[in-house]
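Observations on chain architecture
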Amino acid sequence: MKKTLCSLFLLFFCWSAFAQSVFQKIYGQAIYMEGAADIVKTYDGGYMVGGYAYRPQTSGATDFYLLKLNNSGTIQYGKLYGRSGFKDVISSISQTKDSGFIMLTSGQMSTGGNYNSSLVKANKQGLLQWNKYFTNGNSSMNNANVEQTTDGGFIVATSQYISSVSSYYIQLLKMNSNGDTVWTKDYKAAGGTDALTIKQTADNGYILGAMARGAVPIGRPCLLKLDSLGNMEWYKTYALNGLNNLNNLQITADGGYVFVGTKNIYSQDSARIFVVKSDALGNPSWMKVYATTNAMYANKIIETSSGKFLITGYWLDSAHTNADALALKLDNNGTPMWAKRYGGPKVDYGKSVLELPDEGQIIVGTYGTPNGAYPEIYLIQTDSSGYSACNEKTISITASTSTALFDTIAISMTHLPYTISTKTYGTGNALDQTTFCSTLDIPDFYDENEIELLPNPSSDRILFTAKTSQPYQIQIFNAQGNELFHQNITSGQRIETGNWANGIYYLRFSADGRQTSKKLVIVH
């Protein structure tokens, strides 16, 4: 018992020392419709967000942007980049070894036409250094992502629509550190192939997450393992019932892979999230489908430092008029630990997610502002249980285990011509910040010792003491962020904890418009 108590004391004080703030913030300007595509950790401990800003007043012109934030979500700088008469949006962003940033963007003329791709390099201040523009005549290109490789160059994955055969082909481009082409490879299946995620593997090859279609155009999630020159070593196509979409792929710490997607992607009632965990050869270790009473859609999955998984995407209400950003946490076997949705009365969604040092998370996406205002960038930072201080609800999730079968769709290599050129981008400064809620911004008690909980850790009961006789409201949350109960309390009252399970609890106290929180450890 003594050893357990000491361990819990250590856990409690370590958690308190390293816990980060939680908040929800939006960023934007009144004249723009903004949205986020990706977020990356930066070497200085902050974040870089990449996305788009659409200005309806200028004939549909769209600029892409970089938004540099510190670890509290405060703007350090914002930059807009664009071309006159074009719609340019970011698909993917990564920080480079020189502390700069590499962006994969998609561009279309404001009057319509085909989409083409660009690779854009900026320094750490957001100043553009070079860009490469890919085009292939009358074909349209869709982006997957860009990643810096171990040799300092880049690997780029896109999908190209070939109008003559009405089908998508995957294009893979290996480039050096200056954006010059080293080699290219193209891949196709009979009914079309779409690139979703490219990652470099430990053997300097690549794993490509894609969607493959056979003669019957039903999407099949697919993994392609490539060598360092882009030649296929193996591929696996997974047969799932319904029309499914693979959204994101990650390499896991055990050398295998995990990918997330949406099952019944075009249904507003029966869309579900699926996750497949495989070994290094693409053989499934487990596959699960996650459902709630409403439709859910996945955008990103990451593995945490403790071997768990975080997913973001969005949840759709039954009337199909409101959506919320979604966060779903799974254990290492795919069992749901908790699920939350965040947002206001309009359409909000999560696009990308990162893990924080205290096993919390930061989600970036889009917030649909009410009263006819334009959407803005949405940033949500939570603790390890998904708690973010406001605008959140707990979702009940069920998980079902499925058998992942392999399909027989054949994928082959081909060759597509294209040209690379350079374009001129204008730049400008951008974006204002609004804080919805934050543990840093909640008015705290004037004296941090105004209230106490004793003993802490505790077993059967705790004594609440305060320096004033005024009543306080207390809310008690478990480690998953679910409120267990609330009540009014005054100094000298006891709270019975004998039937509480062992673990950490969060107690929030409110009085006269001020709030503070305490952590309580229970051990029996």
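Residues numbered from 1 in each chain as written. Predicted model: local features only at pLDDT ≥ 70, side-chain atom pairs only at ≥ 80, totals over all residues. Heavy atoms only, no water.

1. Quick word on the overall build of the protein chain
What the protein chain contains, in helices and strands, is one helix and 42 strands. A total of 524 residues make up the protein chain; the buried ones form 56% of that total. Across the protein chain, contacts joining residues at least 24 apart in sequence account for 54% of those joining residues at least 6 apart. On the protein chain, roughly 21300 Å² of surface is accessible, and the fraction owed to carbon and sulfur atoms is 51%. (Helix = DSSP H or I, 4+ residues; strand = E, 2+ residues; numbered from the N terminus. Buried < 20%, exposed > 50% of the residue type's maximum accessible area, 1.4 Å probe, protein only. Contact = heavy atoms within 4.5 Å. Areas by Shrake-Rupley, 256 points an atom, 1.4 Å probe, with all protein chains shown as cover.)

2. Quick look at the environment of H486
Inspection of the secondary structure assignment puts H486 in strand β39 (residues 483-489). For H486, a relative accessible area of 49% translates into the label partly exposed. Separated by 23 residues in sequence, H486 and F509 have C-alpha atoms that sit 9.8 Å apart. For H486, the contacting residues outside a window of four places in its chain are Q473, I474 and Q475.

3. Some points on the pairing of strand β23 (residues 309-316)
Within β23, seven of the eight residues are buried, which leaves it mostly tucked inside the rest of the structure. Pairing geometry for strand β22 (residues 295-303) and β23, over eight bridges, is antiparallel. Its bridge partner lying in β23, Y297 is registered against Y314. If you look at the hairpin formed by β22 and β23, you'll find five residues sitting between the two strands, and G307 has a positive phi there, around 85°. Strand direction decides the pairing type here: β23 and strand β24 (residues 323-330), joined by eight bridges, are antiparallel. Residue pairing across strands places I311 opposite L328, the latter belonging to β24. (Pairing = 2+ DSSP bridges.)

4. Here we look at the sheet that holds strand β21 (residues 284-291)
Here five strands make up an open sheet; going across it, the order is β18-β19-β20-β21-β30 and the pairing antiparallel. Looking at strand neighbours, the two that pair on one side only are β18 (244-251) and β30 (398-401), the edges of this open sheet. The mean angle between the axes of side-by-side strands here comes to 20°, regardless of whether they run parallel or antiparallel. Where β21 lies against β30, four bridges are found, and the strand directions are antiparallel. Along β30, the bridge assignment pairs V289 with S400. (Axes fitted to C-alpha atoms, helices over the stretch in contact; angles between N-to-C directions.)

5. Observations concerning the packing of aromatic side chains
Enumeration according to the criterion identifies 13 aromatic pairs in this entry. Here Y238 and F259 contribute two aromatic rings whose centre-to-centre distance is 5.3 Å and whose plane-to-plane angle is 50°, an arrangement assigned as tilted. Within this pair, whereas Y238 is found in strand β17 (residues 232-239), its partner F259 is found in strand β19 (residues 257-263), the two being separated by 21 residues in sequence. Comparing Y238 with F259 shows no difference in burial state: the two are buried. (Phe/Tyr/Trp six-rings, centres within 6.5 Å; stacked < 30°, edge-to-face > 60°.)

6. Quick notes on the sheet that holds strand β25 (residues 336-342)
Read across the open sheet, the five strands follow the order β22-β23-β24-β25-β29; overall the sheet is antiparallel. Two strands in the sheet have a free side with no partner beyond their single neighbour: β22 and β29 (392-394). Strand after strand, the sheet turns through a mean of 25° between neighbouring axes, direction not considered. Both β25 and β29 contribute to a ladder of three bridges, which runs antiparallel. By the bridge assignment for β29, R341 is matched with K393.

7. Here we look at the pattern of salt bridges
What the rule picks out here adds up to twelve salt bridges. A salt bridge links D98 to K121, with the shortest nitrogen-to-oxygen separation between them at 3.1 Å. With D98 in the loop between β6 (86-95) and β7 (101-109) and K121 in strand β8 (residues 116-122), this residue pair connects regions lying 23 residues apart in the sequence. On the basis of relative accessibility, which here comes to 5%, the residue K121 falls in the buried class. K329 is the partner of E359 in a salt bridge, and the nearest nitrogen-oxygen pair spans 3.8 Å. Of this pair, E359 sits in the loop between β26 (349-355) and β27 (361-367) while K329 sits in strand β24, placing them 30 residues apart in sequence. By relative accessible area, E359 is classed as partly exposed at 28%. Here the salt bridges share partners, and the residues they tie into one network are D203, K225 and E233. (Salt bridge = Lys/Arg side-chain N within 4 Å of Asp/Glu carboxyl O.)

Geometry only, nothing functional implied.
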